[in-house]
Amino acid sequence: MKNQQPMWYKKLVIAALTVSIGLSAGMVSAPHQAGAAEAIDASITATSRGSQVISIGKNYLGRPYQFGAKAGQTRTFDCSSFTQYVFKRVGVNLPRTSKQQSHVGSYVSRSNLRTGDLVFFSIPGKPGVINHVAIYMGNGNLLQTYGAGGVRITNINSGTWSSRYMTARRVL
């Protein structure tokens, strides 16, 4: 079986090689060197915070789903109380509802999703209206809670979620 590195690792290696090649060729001026280093630091920080979000969220696998679950408690979650709680643990304050959460951070295309991004969906009976949020884990997987089963891992490309995908936001 082929040894596969995570996407963040590949991006880090490419960024480091780009900086190294530019420096050795004398093509990068001093101000650009600092900017490249800061961009790499920001990417590493966002990646590690995304991994923290997933690690924290996985602690609640199987926790029951309850629509309108009270924010800040962990006995039950609905989708947005779950994302709000998990992100608060890494210092990111999110509004209470999935619709409100869909307006924070910056837009991310589906093809550029990264671990820790918020992913938004419509639900049956309300097509085209954001009514659900999940956390992107990488490799097409989502950490979310919705209906029976509570907090669980699902695949974004499964029929139900793929067809209801609306948008994604990066808050890390």
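Counting restarts for each chain, with residues numbered from 1 along the sequence as it is written. Confidence filtering applies because this is a predicted model: local features only for residues at pLDDT of at least 70, side-chain atom pairs given and counted only at 80 or more, and all residues used for totals across whole chains, interfaces and linings. Only hydrogens and water are set aside when side-chain values are computed; all heavy atoms of the structure are taken into account.

An unreviewed UniProt entry annotates the protein as NlpC/P60 family protein originating from Paenibacillus germinis.

### Quick notes on helix α3 (residues 79–88)
Heads up, the rule is: Burial here depends on accessible area, computed with a 1.4 Å probe over protein chains only, as a share of the maximum for the residue type. Under 20% is buried, over 50% is exposed, and the range in between is partly exposed. Numbering of helices and strands runs from the N terminus, with a helix taken as a DSSP run of H or I at least four residues long and a strand as a DSSP run of E at least two residues long.
With respect to burial, α3 is a largely interior element, 9 of its 10 residues being buried. By the burial criterion, the buried members of α3 are C79, S80, S81, F82, T83, Q84, Y85, V86 and F87.

### Concerning the environment of S162
Under the convention used in this document: Any two residues having at least one pair of non-hydrogen atoms within 4.5 Å are treated as being in contact.
Looking at the element boundaries, S162 is found in helix α5 (residues 159–164). Note on S162: relative accessible area 28%, which makes it partly exposed. In this structure, the C-alpha to C-alpha distance between S162 and F121, residues 41 residues apart in sequence, is 8.8 Å. Non-local contacts of S162, meaning those with residues more than four positions away in its chain, are made with R110, I156 and N157.

### Some points on the pattern of salt bridges
Going by this rule: Here, a salt bridge means any Lys or Arg side-chain nitrogen found within 4 Å of an Asp or Glu carboxyl oxygen.
Under the criterion given, the structure shown has 2 salt bridges. Note that D78 and R96 form a salt bridge whose closest N and O atoms lie 3.1 Å from each other. Note that D78 is positioned in the loop between α2 (30–58) and α3 and R96 in the loop between α3 and α4 (98–101), a separation of 18 residues in sequence. Note that D117 is salt-bridged to R170, the shortest N-O span being 2.9 Å. Taken together, the residues span a long stretch of sequence, with D117 in the loop between β1 (106–107) and β2 (118–121) and R170 in strand β6 (residues 165–170) at a distance of 53 residues. According to the relative accessible area criterion, R170 is buried, its value standing at 18%.

### Thoughts on the nonpolar core
What counts here: As used in this record, nonpolar core signifies buried Ala, Val, Leu, Ile, Met, Phe, Trp, Tyr and Cys residues forming a set joined through side-chain atoms within 4.5 Å.
One finds Y60, F82, V86, F87, L118, I135 and L143 to be the most contacted residues of the largest nonpolar core, which totals 22 residues. Contributing elements (two or more residues each) for this core: α2, α3, β2 and β3 (132–138). Broken down by element, the residue count for this core peaks at 5 residues, all from α3. Residues V108, A134, L142 and A168 belong to the second largest nonpolar core, which totals 11 residues.

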